[in-house]
Amino acid sequence: MDGTMGLRALLCAYLASLLVLQAMPTQGSPTGRPKVSKKRQTVDTAVDGVTIRSLKVNCKVTSRFAHYVITSQVVNSANEAKEVAFDVEIPKTAFISDFAITADGNAFIGDIKDKVSAWKQYRKAAISGENAGLVRASGRTMEQFTIHLTIGPRSKATFRLTYEEVLKRKLKQYDIVIKVKPKQLVHHFEVDCSPGASMMQIDVDIFEPQGISKLDAQASFLPKELESQLIKKSFSGKQGRVLFRPTVGQQQSCPTCSTSLLNGDFKVTYDVNRDQLCELLVANNHFAHFFAPQNLTNLNKNVVFVIDISTSMEGQKVKQTKEALLKILGDMRPGDYFDLVLFGSEVQSWRDSLVKASPANLRAAQDFVRRFFLAGATNLNGGLLRGIEILNQAHGSLPELSNHASVLIMLTDGEPTEGVTDRAQILKNVHNAIRGRFPLYNLGFGHNVDLNFLEIMSMENNGRAQRIYEDHDATQQLQGFYDQVASPLLVDVELLYPQDTVSALTQHRHKQYYEGSEIMVAGRIADHKLGSFKADVLARGEGQEFKATCLVDEEEMKKLLQERGHMLENHVERLWAYLTIQELLAKRMKLQGKEKAEVTAKALQMSLAYQFVTPLTSMTIRGMADEDGLEPVIDKPPEDSLPLEMLGNRKMFMLSALQPSPTRSSSNIQQLPNQVTGVDTDPHFLIHVPQKEDTLCFNINEEPGVVLSLVQDPDTGFSVNGQLIGNKASSPGQQEGTYFGRLGIANPATGFQLEVTPQNITLNPGSGGPMFSWRDQASLRQHKVVVTINRRRNLVVSVEDGGTFEVVLHRVWKGSSVHQDFLGFYVLDSHRMSARTHGLLGQFFHPFDYKVSDPHPGSDPTKTDATMVVKSHQLTVTRGLQKDYSKDPRHGAEVTCWFVHNNGAGLIDGVYTDYIVPDIF
């Protein structure tokens, strides 16, 4: 098959998140380019009958936590089956948290489980010699997610992938890079990082409580004059936005071309205000602490470069290493001290002691770099110990250097082959020699290094490791790393919190803090301890001790919660979970035996609890299989996995005819309680009171367009609101009826929103989520919410640790007294909802008492009136009949109830107008 066919829209988020979407025919290839008109707006965006109807990347950034949702819909207009591929490249540091495919009216949902549970899948794949995983390593910082599907004629498929990450500050800014490389024009193309966006666009919305200090955006593929016209950027206070919305015509490389102009990087950079020494965010019993003080004096540093000069470094590697060292030496500050150590089979140093970075010394060092040559094997242990010895001697013999920030940087391209070669012994030797005095940074040049070994060594010595890729820009990679550690501002940084107040802290001790970076700590706060929560920062700066105390501004936190709502609460907790899992995964690398098992178990438990695909978990997708019967598996490839181009072809997956939903529609119906609380028709509210084995009912008479609060749980933020629609009177003088025509169900703690109308069901409408019709049979899962759509009948929403609710669809049929479709809403289970839940229905989720007495004939002799005492009110109520449509949306079942007149006055808290809200969300 021609791999150049179809559409590849490449989109990167943060240090390059890349989306590639391909539309490919099942057989053959197009014989020519799609026909295009001379007019831009009539260009044909289809490829052999397959069109990418929409392509969206929705991203919400709140306090450095980024949540991305990529959605794409492919339409096959041909009369035969076609092959399509959905490709996404995401940062290696990101965790996938959800994936779903909707096709042919069925939904296929990813299920995250521990890797052991997915073992059969891996075993079958290994036996067949294939890679069943959908995620593979790709490039320097990316992982590529790909799934190939065959979809039927005249059908569509929608893909939806969710992933999350924490943005790290480097060189005084946070970066969001969107790499745009479509190989043809995209019908609707969106990269949307805002709460709501539409059509073809890149829309980046950032919310930072500290306030945004700078925001910029550039598109490398656009001429400057066009860039200024198409990119709109603005920021004020806590919010910033960048908008790029090219039309199909503006994508074209020329007025009559079917090729795309979009080919390059769309880069957004921003930073936040640093008016305060630190920022503390507290929400939902979790906190995030951001520390990046400004206006500090740079510390002088003692730096030793330990360089591998074994013969494997020959060629470009040694050339680029020398170029980088020459530039780094040229950038040394006059107050710095330094030395160079070279190791091959033997170990040699330039001065064998630290010398000041004077002009004469720097020139001499640069001459030494230009003249050294390669020799022998790799005495890694010897080179490191010599570099450590030079720094330790300076600390002991030159007291004035003890106040400097010492740094050891080692570069190697291979494994230890000379001297001590046992890795465990090298780790022990290096750790015992450094003894926590300074950080060790390891740089591994190329793919022949054992990066895990270098990472463990760095982690044990307060540093980190990084791979330097063999490429034309290796010099820039080396210099870029050095720039991040070139300007230390503080050493021995400790962020301390009251022991009886916090738990589950992420790393809060750092050997050094560098200019342009940021220290981030998260943790849990014990119940009722917010009043005593604070953060003390201790460190050593230039010539003095550094001390600071950070307190929580509770009034400011209330304002932030009002501005960003429960999304802020959710993101603070998930930021803590993300950092904790990353640290546990790193820690387990250097452990053995029982300790490793305990850390692994904790990381696995958190990965499952927060639904992250990590090295310990996998996501399987039921309901589709390849030709060998293997289901797709989404996992996280190891750092040393083979690059994409060295692996075989991807598997092709076929969709099953029926979706094995986690909750089948038949079981939903069987599990419905005999009597339920709900609201239906014009709107009649049914309140089932199980302790009385009776039902109360009332109507609400309001105008079309009014939105009523049905359920509101202030503890979780969960809500259900309904908007009324009118039904024109069938005869003059008859009162117009009202019905629910639009429902909004929201769980802000997880960012979940569901909009339901008689026509469509839309998941997360504010962020461009997928849309379903009532003809679909689907089961959708987002975090702790499961939505099951039962074709042309109802849908069920189940919230973990919350409630279960049903929306019933009422279709107009011949002879119906209602002239337009409408919705009913029923509560199937509410016992886990909080005691403070309110709303026209929610206030009745927990037991309440009433007494009925003195039944007597009413004004209508066919009905009985009575006196009811409820909530300290004495009411006249009427015995009557209403219908419950929760089991039978067409005919319903009659329910006997006590009807409370006057819009439920006396039964509901307050008056019914108290429940009118501005919108469904």
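Relevant structure appears above.
From a predicted model like this one, the values you see are computed outputs, not experimental measurements.

*Asks:* Explain the overall build of the protein chain residue by residue, including any values.
*Replies:* In terms of regular secondary structure, the protein chain is built from 14 helices and 54 strands. Sorting the 921 residues of the protein chain into buried and exposed places 57% on the buried side. By sequence separation, contacts in the protein chain at least 24 residues apart represent 68% of the contacts at least 6 residues apart. By element, 49% of the accessible surface of the protein chain is carried by carbon and sulfur atoms, the whole surface being about 38,300 Å².

*Asks:* Residues and numbers for the pattern of salt bridges, please.
*Replies:* Pairing between side chains of opposite charge can happen when the charged atoms of each approach one another. This structure, assessed with the given rule, holds 39 salt bridges. For D536, the salt bridge identified is with K534, shortest N-O distance 3.6 Å. The exposure class assigned to K534 is partly exposed, which follows from its relative accessible area of 32%.

*Asks:* Describe the state of the cysteines, naming the residues involved and giving the relevant values.
*Replies:* With the rule as written, the count across this model stands at two disulfides. Here C278 connects covalently by a disulfide to C550, the sulfurs 1.5 Å from one another. Residues C278 and C550 are joined through a disulfide that is left-handed, its torsion about the S-S bond being -100°. Taken together, the residues C278 in strand β17 (residues 278-283) and C550 in strand β31 (residues 544-551) connect sequence positions 272 residues apart. Here the two residues C278 and C550 agree in accessibility, since each one is buried.

*Asks:* Go over the sheet that holds β31, please, and point to the residues and values.
*Replies:* Strand pairing in a sheet relies on backbone hydrogen bonds, with the paired strands running either antiparallel or parallel. Read across the open sheet, the four strands follow the order β28-β26-β30-β31; overall the sheet is antiparallel. Of all the strands in the sheet, the pair left with one neighbour each is β28 (509-514) and β31. On average, each strand axis in the sheet is inclined to that of its neighbour by 25°, with strand direction left out of account. Of the strand pairs in this sheet, strand β26 (residues 488-496) and strand β30 (residues 534-541) are connected by four bridges, and their pairing is antiparallel. The residue of β30 that forms the bridge with V491 is R540.

*Asks:* Describe the packing of helix α7 (residues 423-434) against helix α8 (residues 451-459), with residues and values.
*Replies:* The description of two packed helices rests on the angle between their axes and on the distance between the axes. Here α7 crosses α8 at 25°, and the two axes come no closer than 10 Å. Overall, the two elements α7 and α8 adopt an arrangement that is roughly parallel. Along this stretch, α7 crosses α8, giving a crossing that reads as right-handed. For the pair formed by α7 and α8, the contact residues are R423, I426, L427 and V430 on the first element and F453, I456 and M457 on the second. Of the residues contributing to the contact of α7 with α8, the split by class is six nonpolar, no polar and one charged.

*Asks:* Give a description of empty space enclosed by the protein that names residues and reports values.
*Replies:* Applying the stated criterion across every chain, the model contains nine cavities of 30 Å³ or more. If you go around the largest cavity, the residues you meet are F305, I307, T321, A324, L325, I328, I409, L411, L443, L478, F481 and Y482. By residue class, the composition of the lining of the largest cavity is 11 nonpolar, one polar and no charged. Empty space within the second largest cavity amounts to approximately 90 Å³. Along its surface, the second largest cavity is lined by D98, A100, I101, T102, I109, T158, R160, L763, P770, F772, L780 and R781. The greatest single-element share of the lining of the second largest cavity, amounting to four residues, is contributed by strand β5 (residues 95-103). Residues that form the lining of the second largest cavity fall into these classes: seven nonpolar, two polar and three charged.

*Asks:* Tell me about helix α5 (residues 359-371), and name the residues and values.
*Replies:* Owing to its 3.6 residues per turn, the α-helix brings residues three or four apart onto one side. An ideal rise of 1.5 Å per residue puts 18 Å on 13 residues; α5 measures up with 19 Å between its terminal C-alpha atoms. Along α5, the positions that sit buried rather than exposed are L362, A365, Q366, F368 and V369. Viewed along the axis of α5, the buried residues span an arc of 155°, placing them on a single side of the element. Exposed positions of α5 whose direction lies more than 90 degrees from the buried face are P359, R363 and R371. The elements touched by buried residues of α5 are α4 (316-330), β20 (337-343) and β21 (347-349).

Parameters and conventions
- Residues numbered from 1 in each chain as written.
- Predicted model: local features only at pLDDT ≥ 70, side-chain atom pairs only at ≥ 80, totals over all residues.
- Heavy atoms only, no water.
- Helix = DSSP H or I, 4+ residues; strand = E, 2+ residues; numbered from the N terminus.
- Buried < 20%, exposed > 50% of the residue type's maximum accessible area, 1.4 Å probe, protein only.
- Contact = heavy atoms within 4.5 Å.
- Areas by Shrake-Rupley, 256 points an atom, 1.4 Å probe, with all protein chains shown as cover.
- Salt bridge = Lys/Arg side-chain N within 4 Å of Asp/Glu carboxyl O.
- Disulfide = S-S within 2.5 Å.
- Pairing = 2+ DSSP bridges.
- Axes fitted to C-alpha atoms, helices over the stretch in contact; angles between N-to-C directions.
- Parallel < 35°, antiparallel > 145°, perpendicular 65-115°, else oblique.
- Left-handed = near helix turned anticlockwise from the far one by under 90°.
- Nonpolar A, V, L, I, M, F, W, Y, C, P; charged D, E, K, R; others polar.
- 1 Å grid on protein atoms, 1.4 Å probe; cavity = no way out; pocket = protein on both sides within 12 Å on 5 of 7 lines; lining within 4 Å.
- Points joined across faces, edges and corners; volume = space filled by probe spheres on them.
- Expected span 1.5 Å × (residues − 1).
- Arc of directions from axis to C-beta.

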